[in-house]
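Observations on the three-dimensional arrangement
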Protein chains: 2
Amino acid sequence: MKLAIDAMSGDLGSSIVVEACIHFINKHKDVELYVTGKKEELTKLSDFSQIHIIDAREVLTMSEGILAVRRKKESSMVKAMMLGKEGKVDGIVSCGSTGSFYTCAMLFLKRIEGVEKSCLMAILPTYNDKGVALLDVGANAENQASHLNDFAVMGSVYSTLVRGIKKPKVALLNIGTEEKKGNEVHQETYQLLKENDKIHFVGNIEGRDILNGDVDVIVTDGFSGNIALKSIEGTAMILMKCIKESMMSSTKGKLGALLAKDSLYALKDKFDYKSVGGALMVGFEKAVVKAHGASDAKAFENAMELALKMVEQDVVFKMKEGLK
Amino acid sequence: MKLAIDAMSGDLGSSIVVEACIHFINKHKDVELYVTGKKEELTKLSDFSQIHIIDAREVLTMSEGILAVRRKKESSMVKAMMLGKEGKVDGIVSCGSTGSFYTCAMLFLKRIEGVEKSCLMAILPTYNDKGVALLDVGANAENQASHLNDFAVMGSVYSTLVRGIKKPKVALLNIGTEEKKGNEVHQETYQLLKENDKIHFVGNIEGRDILNGDVDVIVTDGFSGNIALKSIEGTAMILMKCIKESMMSSTKGKLGALLAKDSLYALKDKFDYKSVGGALMVGFEKAVVKAHGASDAKAFENAMELALKMVEQDVVFKMKEGLK
C-alpha cells in the first residue's frame, strides 16, 4: 500500500509531519510513503527504505485562494495529488487548506464511476461516543436529490468498513421529522433514500439531534451541512471559552476548576473539533484525507491511519459496488 | 395598549400565565389584557379591571399538528389571535406550539403592506452579552432574495427600537465570507443588502461566528436558519449535559463542581436557549410573540414585556416605513 503525504501545507510546518511519518512507518512495515516537500526539511526521513522523498519547492499557504492550485504546480500539495493522478499511490493526506486540497482532488483525481458529485465528509463526536458522519459539509453550494442519495451510500459503506458499524442508520438533515418537510430537493431525497435498499434509512433528523448519536450517517446538502458543522464548532468553542472565563472570575470558581481539571480536559478533548482529524473527501478513486490545519504529529498520524484503513478495506471499490 | 394572552397552550398549563398576568398588570396600569382560556382556571384574574377574561373551551396541545388550528376554532390560541384580527388588541402572546401559533398568525393576521413573506426571528445569547437576532429561523423552507432583504430591514428596525442598538450591523449567513459564496439566492441577496441604504450591511458571516456577537442581525433563508438555530441549541444542551456528567463521575470532580456551582449556573442561564423567550413572528400588522413552551411565569412575563415594548415603540409602523 502506498500513500502520498503533503509535508508542508499545515500551520505547524513540516516537523510534525516528519514525526508522524517516522512513527507511522515503524508501525506499518508494509506501507510505502511518498512524502512531498522541501527536501532539506525532510532529511530525517531519508534513512527509511519505505519512504520516498519528492522534492517540492513551493508551498500552498492557508491564506491563498483556491486559484493558487493552478499556479503553484511545484507545491507539495499539487505534487502529492499528482502522485494519485499518476496511479503511484492509493491515498493522499494533507493538512493544508480544505478548499485548496479539495480543488486539487477535483482537478487531478478521477471520480468513482457513476458518482456525479464528490463531497466533504466530517466525523463529529457524539454524546454516546459513537460519532456521526455528516456529508456534504460544504463541497457543493447546491445539490440534487440524486447526489444526496449517492452521499448516503458512500457514507454508509465508509461507516461499515472503516467505523465498523454493521448496519449504519442513515438520516436526512431537515427542518422537521415529517416526510414532507423542507424544499423540493429534500422531499425528493427523502423518497429516494426510503426506496434505496442499499442503506438503512431512518427518516429526517433535526439540527438539535445531530450530536445525540442516535444515527450513524447524516446526509445533507452542502450549504446547510456547512452551516450545521460550523454552528456546532462555534457553539462548542464559545461555550468552553465561557466556562473557563466564568470559573476563573471567582476564587471559589478557580478552586473548583483546579479540582475538576481532569474532567474538564477530558471533555475538551472529546469535543475539540480540531482533533477529530478534519474532513474526508469522498467520491474520488483514491482515499483522500484532510487532516486539520493545526494538527500536531498525533493528529496527523491519525489521518494517515484513516487513509490506510480506507485503502486496506478497499472502501473506494466497495463504494463503487454500492452505487451500482 | 391592549394585549391578547393565550393562557392555555403551554407545557405548564394556565397557572404560570395567571401569575405572569397579575405581576405584569401591577406594573403596567395603562395596559389592558384579554386573556383567553378556561374561565374556571382564570378566576384569580377576575379582580382586575384591566383584565378581560375570554372563555375558550378548547386547547391546542403541543403535539397537535398545525392543521388542528382550522379545526379548533374554540381554542384559546385561535381566540387570542382572532382578537388581533378583529383589531381589538395590538399584540398577541402565547407559549403554545410554534408551528400552530405561526399558522394562526398566517391565517388570521394581515401582513405589513409590501411584505411578501413573514418570518420567525430568534434572539440568541452571544459571547459578549449583546445578543444577536437571527431571521428567518424556519417559517419558510425556501426564500427569495427580496424576502431576505425585507427580513434585514425588519430585523434592523426591531433591533434599533426594542434592543436599543443605534446602527445594527447586519450580516448574511453563508458558507464563506467572500461575496460570491453560496447559491444564486445568497449571491443575489448579498447584492440587494449591499445596495440597501436602510441597513448597515457588513457582509457574509459563517456558522462558527454566529455567537461571537460581532454583528446584531443575521439574515438567513428559513431552511439553513432553522438548521443553525437547532444545531446551536443541540450543541449547548449536549455540552452542558456532558460537563455535568463528567464532573459527577469523580470525587475530585464533584468537589470542584460544588465550588464552581455559581459560575456554572450563571453560564447555564446565559446559554439556556429555553429562557431566551422563544421566537418573534415578524412581518404581521400586530406584535406577535411566542414564549417558549416550557416557560415559567417569569419567562412568560418577559414575553409580554417584549410584546408591550414592540407596541409602545410602534415597531410595526416603523418596519412599514423602513420597507417603503
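About the cut-offs
- Residues numbered from 1 in each chain as written.
- Chains lettered and ligands numbered in written order.
- Predicted model: local features only at pLDDT ≥ 70, side-chain atom pairs only at ≥ 80, totals over all residues.
- Heavy atoms only, no water.
- Disulfide = S-S within 2.5 Å.
- Buried < 20%, exposed > 50% of the residue type's maximum accessible area, 1.4 Å probe, protein only.
- Helix = DSSP H or I, 4+ residues; strand = E, 2+ residues; numbered from the N terminus.
- Contact = heavy atoms within 4.5 Å.
- Salt bridge = Lys/Arg side-chain N within 4 Å of Asp/Glu carboxyl O.
- Nonpolar A, V, L, I, M, F, W, Y, C, P; charged D, E, K, R; others polar.
- Axes fitted to C-alpha atoms, helices over the stretch in contact; angles between N-to-C directions.
- Parallel < 35°, antiparallel > 145°, perpendicular 65-115°, else oblique.
- Left-handed = near helix turned anticlockwise from the far one by under 90°.
- Core = buried A, V, L, I, M, F, W, Y, C linked by side-chain atoms within 4.5 Å.
- Pairing = 2+ DSSP bridges.
- Phe/Tyr/Trp six-rings, centres within 6.5 Å; stacked < 30°, edge-to-face > 60°.
- Lys NZ or Arg CZ within 6 Å of the ring centre and 35° of its normal.
- 1 Å grid on protein atoms, 1.4 Å probe; cavity = no way out; pocket = protein on both sides within 12 Å on 5 of 7 lines; lining within 4 Å.
- Points joined across faces, edges and corners; volume = space filled by probe spheres on them.
- Least-squares fit on C-alpha atoms with pLDDT ≥ 70 in both.

For the rest of this paragraph, the subject is the state of the cysteines. Following the criterion strictly, the structure yields zero disulfides over all chains and no others. The thiol of Cys 242 of chain A is not disulfide-bonded; the next cysteine sulfur, from Cys 242 of chain B, is found 17 Å away. Cys 242 of chain A gets classed as buried once you look at its relative accessible area, which sits at 4%.

Our focus in this paragraph is the environment of Ser 159 of chain A. All names here are of chain A. Checked against the element boundaries, Ser 159 lands in helix α5 (residues 145-161). The spacing of Ser 159 and Gly 176 is 17 residues in sequence and 25 Å in space, taken between C-alpha atoms. Apart from residues lying up to four places away in sequence, Ser 159 is in contact with Ala 133, Gly 164, Ile 165, Pro 168, Asp 216 and Val 217.

If you look at the interface, chain A gives 50 residues, while chain B gives 50 residues. The interface formed by chain A and chain B contains four salt bridges. For the side of chain A that touches chain B, the residue count by class is 23 nonpolar, 16 polar and 11 charged.

Residues and elements named next belong to chain A. Running from N to C, α5 and helix α11 (residues 315-323) point in directions that differ by 135 degrees, and their axes come no closer than 9 Å. Comparing their axes, α11 and α5 come out oblique. Here α5 runs over α11; the crossing is right-handed. Packed against α5, whose contacting residues are Asp 150, Val 153, Met 154, Val 157, Tyr 158 and Leu 161, the element α11 presents Val 315, Lys 318, Met 319, Gly 322 and Leu 323 at the interface. Taken together, the residues of the contact of α5 with α11 sort by class into eight nonpolar, one polar and two charged.

So, on to the nonpolar core. Met 81, Leu 124 and Ile 210 of chain A together with Met 81, Leu 124 and Ile 210 of chain B are the most contacted members of the largest nonpolar core, which totals 104 residues. When near neighbours in sequence (up to four residues on either side) are disregarded, Met 81 of chain A contacts Ile 92, Phe 101, Cys 104, Ala 105, Phe 108, Leu 109 and Val 288 of chain A. One finds Leu 45, Val 162, Val 289 and Val 315 of chain B within the second-largest nonpolar core, a separate group that totals 60 residues.

With that out of the way, let us pick up the sheet that holds strand β7 (residues 169-173) of chain B. All names here are of chain B. Reading across from one edge, β3-β2-β1-β4-β11-β10-β5-β6-β9-β7-β8 is the order of the 11 strands in this open sheet, with mixed pairing throughout. Where the open sheet ends on each side, the last strands, each with one partner, are β3 (51-55) and β8 (200-205). Each adjacent strand pair in this sheet contributes to an overall mean axis angle of 25 degrees, direction not counted. On top of the sheet, helix α5 (residues 145-161) reaches β5 (119-124), β6 (132-135), β7, β9 (217-219) and β10 (279-282); it is set at about 165 degrees to β9, its chief contact.

Bringing the packing of aromatic side chains into the picture now. Overall, the coordinates contain four aromatic pairs over all chains when judged by the stated rule. Judged by centre distance (5.9 Å) and plane angle (65 degrees), the ring pair of Tyr 102 of chain A and Phe 284 of chain A falls under edge-to-face. Taken together, the positions of Tyr 102 of chain A in helix α4 (residues 98-108) and Phe 284 of chain A in the loop between β10 (279-282) and β11 (287-290) put the pair 182 residues apart, joining distant regions of the chain. For Phe 284 of chain A, a relative accessible area of 1% corresponds to the buried category. Centroid distance Tyr 190 of chain A to Phe 201 of chain A: 5.1 Å. Interplanar angle 85 degrees. Geometry classified as edge-to-face. Of this pair, Tyr 190 of chain A sits in helix α6 (residues 184-195) while Phe 201 of chain A sits in strand β8 (residues 200-205); the two residues are 11 residues apart in sequence, bridging distant segments of the chain. With respect to burial, Tyr 190 of chain A and Phe 201 of chain A carry one shared label: buried. The ring of Tyr 127 of chain B carries Lys 241 of chain A above its face, with NZ or CZ at 4.3 Å from the centroid.

Residues and elements named next belong to chain A. A sheet is described by the order of its strands in space; here 11 strands give the open sequence β3-β2-β1-β4-β11-β10-β5-β6-β9-β7-β8, paired in mixed fashion. Among the strands making up the open sheet, the edge pair consists of β3 (51-55) and β8. Shown here is a sheet whose adjacent strand axes are inclined to one another by a mean of 25 degrees, direction ignored. Relative to strand β2 (residues 32-37), strand β1 (residues 2-6) is paired through five bridges, and the arrangement is parallel. Its bridge partner lying in β2, Ala 4 is registered against Tyr 34. Sitting on the sheet, α4 touches β4 (91-94), β5 (119-124), β10 and β11, and the angle it makes with β11 is about 170 degrees.

A probe as big as a water molecule, rolled over the atoms, marks out the empty space that is left. Counted by the stated rule, this structure contains one cavity of 30 Å³ or more. Each pocket or cavity is described by its volume, and for the largest cavity that value is around 30 Å³. Around the largest cavity, the lining residues are Ser 231, Gly 234, Thr 235 and Ile 238 of chain A together with Gly 207, Arg 208, Ile 210, Leu 211, Asn 212 and Ile 232 of chain B. Top contributing element to the lining of the largest cavity by residue count: helix α7 (residues 222-248) of chain A, with four residues.

With an axial shift of 0.0 Å and an RMSD of 0.0 Å, the rotation relating chain A to chain B amounts to 180 degrees. Such values leave the two copies arranged in the relation of a two-fold axis. The rotation axis passes nearest to the C-alpha of Gly 256 of chain A in chain A, at a distance of 1.9 Å. Mapped onto chain B, 100% of the interface residues of chain A are again interface residues, and the two copies thus contact each other with one and the same surface.

As a further point, take the pairing of β4 of chain A. Residue and element names in this part refer to chain A. Residues Gly 91 and Val 93 point to one face of β4 and Ile 92 and Ser 94 to the other, with burial holding for every one of them. By the bridge criterion, three bridges tie β1 to β4 in an arrangement that is parallel. Opposite Ile 5, over in β4, you have Val 93 as the bridge partner. Bridge analysis of β4 against β11 gives four bridges, and the strand direction is parallel. Within the sheet, the bridge partner assigned to Gly 91 lies in β11 and is Ala 287.

A few words on the environment of Lys 85 of chain A. Residues and elements named next belong to chain A. Take Lys 85: it is sitting in helix α3 (residues 76-85). Between the C-alpha atoms of Lys 85 and Glu 285, which are 200 residues apart in sequence, the distance is 9.3 Å. Among residues more than four places away in sequence, those in contact with Lys 85 are Phe 108 and Leu 109.

The next thing to look at is the pattern of salt bridges. This model, assessed by the stated rule, comprises 28 salt bridges over all chains. Where Asp 216 of chain A meets Lys 130 of chain A, a salt bridge forms, and the shortest distance between an N and an O atom there is 3.3 Å. Residue Asp 216 of chain A is found in the loop between β8 and β9 (217-219), and its partner Lys 130 of chain A is found in the loop between β5 and β6 (132-135); the two are separated by 86 residues along the sequence. For Asp 216 of chain A, a relative accessible area of 2% corresponds to the buried category. Residue classification places Lys 130 of chain A among the partly exposed residues on the basis of a relative accessible area of 45%. With a closest N to O distance of 3.2 Å, Glu 233 of chain A and Arg 208 of chain B form a salt bridge. You can see Glu 233 of chain A sitting in helix α7 and its partner Arg 208 of chain B sitting in the loop between β8 and β9, one on each of two chains. Here the residues in one salt-bridge network are Lys 27, Glu 301 and Glu 305 of chain A, joined through shared partners.

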